[in-house]
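Spelled out from the first residue to the last, the chains are:
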Amino acid sequence: MIARIVALLTLAAAIAVFATAPLEAQRTGTRLGGNAKKSDPEAVLRVVAQCAADRKPAYALALLDALPGSDEESRQFRRGLGDLSNCMDYDRNLAVGSDIMTASALAFRLMLVEQMVANRLKSPVDTAAIGGGEPWFLALIPEGESEVQADARYMVLMEFGDCVVSAAPSQSVAFISATPGTAGEQTAIQGLVPFLGPCIASGEEIQLTPAMLRRALSEPLYHRMAQAG
């Protein structure tokens, strides 16, 4: 586990929080008249995240390079809100810029990671280049710091996920590449099972759903692929 971060939160507790908390996105009204045709704010947020990943890669990279929950993440998130409103026309089922939708930086980050990983996995991945080494976020944490401004829930989950990806890069790519809910995903999970235990603190018991495992592995995999080039 990370020695530089003091977090009074176990992996089991982090998983429990994410498992019970819905994605924080909701409609709050209309600005230009006419409501977006999609009734699910999460679906709208996914469309906007896909647009950001495809059309605004510099913004997406800057946001994901900031520690989750940090002031820098908040600045990057706010910086792109105006441009992201233009993404409402990215899907023909959405009205152009008509909807005021609120979302936390973390909610948007999770959707953005999903899209960025999917884009990278369209090309072959050199799994030998993404194994081993330290988590990406350690470089952003000064040596000797006992307190770090970050989302402890997500950092604990990412720490676990990075441990798994580092030890099992090929299996992690296979799992994230598999379609959720399919036999292929179940096969990929079986390939990951031997690598999960060593990444869990001794004596801690956790219950991982495929969706939660996907959330834990996605951003660490993204950063390792990005660093590998």
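These remarks concern the structure in this document. (Residues numbered from 1 in each chain as written. Predicted model: local features only at pLDDT ≥ 70, side-chain atom pairs only at ≥ 80, totals over all residues. Heavy atoms only, no water.)

Notes on the overall build of the protein chain
So the rule is basically this: Every helix listed is a DSSP run of H or I at least four residues long, and every strand listed is a run of E at least two residues long, numbered separately from the N terminus. Under the scheme applied here, a residue whose accessible area is under 20% of the maximum for its type counts as buried, over 50% as exposed, and between as partly exposed, the area being computed with a 1.4 Å probe on protein chains only. The contact criterion used is simple: two residues touch if any of their non-hydrogen atoms lie within 4.5 Å. Areas reported as accessible are Shrake-Rupley estimates using a 1.4 Å probe. Residue values count occlusion only from the protein chains shown.
Per the secondary structure count, the protein chain includes ten helices and two strands. Burial status across the protein chain gives 41% buried among its 229 residues. Across the protein chain, contacts joining residues at least 24 apart in sequence account for 84% of those joining residues at least 6 apart. Of the roughly 11400 Å² that the protein chain leaves accessible, carbon and sulfur atoms contribute 51%.

Thoughts on the side chain of aspartate 151
As a reminder, the rule being used: Any pair of nitrogen or oxygen atoms within 3.5 Å is treated as a polar contact; in protein, a donor-acceptor pairing is required on top of that, and neighbouring residues in sequence qualify only through side-chain atoms on both sides.
Turning to its location among the elements, aspartate 151 is positioned in the loop between helix 6 (105–120) and helix 7 (152–167). Engagement of the side chain of aspartate 151 in a polar contact is seen with the side chain of arginine 153, the distance being 2.6 Å. Not counting chain neighbours up to four residues away, the residues in contact with aspartate 151 comprise Pro68, Gly69 and Leu106.

A closer look at helix 8 (residues 169–177)
Rule in force here: By definition, the arc is the one covered by directions from the helix axis to the C-beta atoms.
Within the sequence span of helix 8, burial applies to Pro169, Ser172, Val173, Phe175 and Ile176. Down the axis of helix 8, the sector holding all buried residues measures 165 degrees, keeping them to one side. Those residues of helix 8 that are buried are in contact with helix 6, helix 7, helix 9 (183–196) and helix 10 (210–228).

Some points on the nonpolar core
Selection rule: Residues belong to one nonpolar core when they are buried, are Ala, Val, Leu, Ile, Met, Phe, Trp, Tyr or Cys, and are joined through side-chain atoms within 4.5 Å.
Phe108, Leu112, Phe160 and Leu217 are the most contacted members of the largest nonpolar core, which has 54 residues in total. Going through the elements one at a time, helix 1 (11–20), helix 2 (41–55), helix 3 (57–64), helix 6, helix 7, helix 8, helix 9 and helix 10 are the ones with two or more residues in this core.

Let's talk about the pattern of salt bridges
When the charged atoms of two side chains with opposite charge come close together, those side chains can pair. For clarity, the cut-off: For salt bridges, the criterion is a side-chain nitrogen of Lys or Arg within 4 Å of an Asp or Glu carboxyl oxygen.
On inspection of all chains with the given rule, the structure shows seven salt bridges. With a shortest N-O distance of 2.9 Å, aspartate 162 and arginine 224 are connected by a salt bridge. Of the two residues, aspartate 162 sits in helix 7 while arginine 224 sits in helix 10, which places them 62 residues apart along the sequence. Put simply, arginine 214 and glutamate 185 hold a salt bridge, and the shortest N to O gap is 2.9 Å. In this pair, arginine 214 is assigned in helix 10 and glutamate 185 in helix 9, connecting sequence segments 29 residues apart. With relative accessibility at 3%, the residue glutamate 185 sits in the buried group. A single salt-bridge network, built from bridges that share partners, covers Glu73, Arg109 and Glu219.

Comments concerning the state of the cysteines
Disulfide: a covalent bond formed between the sulfur atoms of two cysteine residues. To be explicit about the condition: Here, a disulfide means two cysteine sulfur atoms that sit within 2.5 Å of each other.
According to the stated counting rule, one finds one disulfide in the structure shown. Residue pairing for cysteine 163: its cysteine sulfur links by disulfide to cysteine 199, the two sulfurs lying 2.0 Å apart. Residues cysteine 163 and cysteine 199 are joined by a disulfide whose S-S torsion is about -80 degrees; by sign, that bridge is left-handed. Linking cysteine 163 in helix 7 with cysteine 199 in the loop between helix 9 and helix 10, this pair joins segments that are 36 residues apart in sequence. We classify cysteine 163 as partly exposed; its relative accessible area is 30%.

Overview of the packing of aromatic side chains
We count it as follows: Pairing of aromatic side chains requires ring centres within 6.5 Å, counting the rings of Phe and Tyr and the six-membered ring of Trp. Pairs whose planes differ by under 30 degrees are stacked, by over 60 edge-to-face, and all others tilted. Note on criteria: charge over ring means Lys NZ or Arg CZ within 6 Å of the ring centre, with the direction from the centre no more than 35 degrees off the ring normal.
Here the structure, examined in full by the defined rule, presents two aromatic pairs. Seen from their ring centres, tryptophan 136 and phenylalanine 137 are 5.8 Å apart, and the 80 degrees between their planes marks the pair as edge-to-face. Overall, phenylalanine 137 belongs to the buried group, its relative accessible area being 0%. In this arrangement the basic side chain of arginine 214 is found over the ring face of phenylalanine 175, its NZ or CZ atom lying 4.8 Å from the centre.

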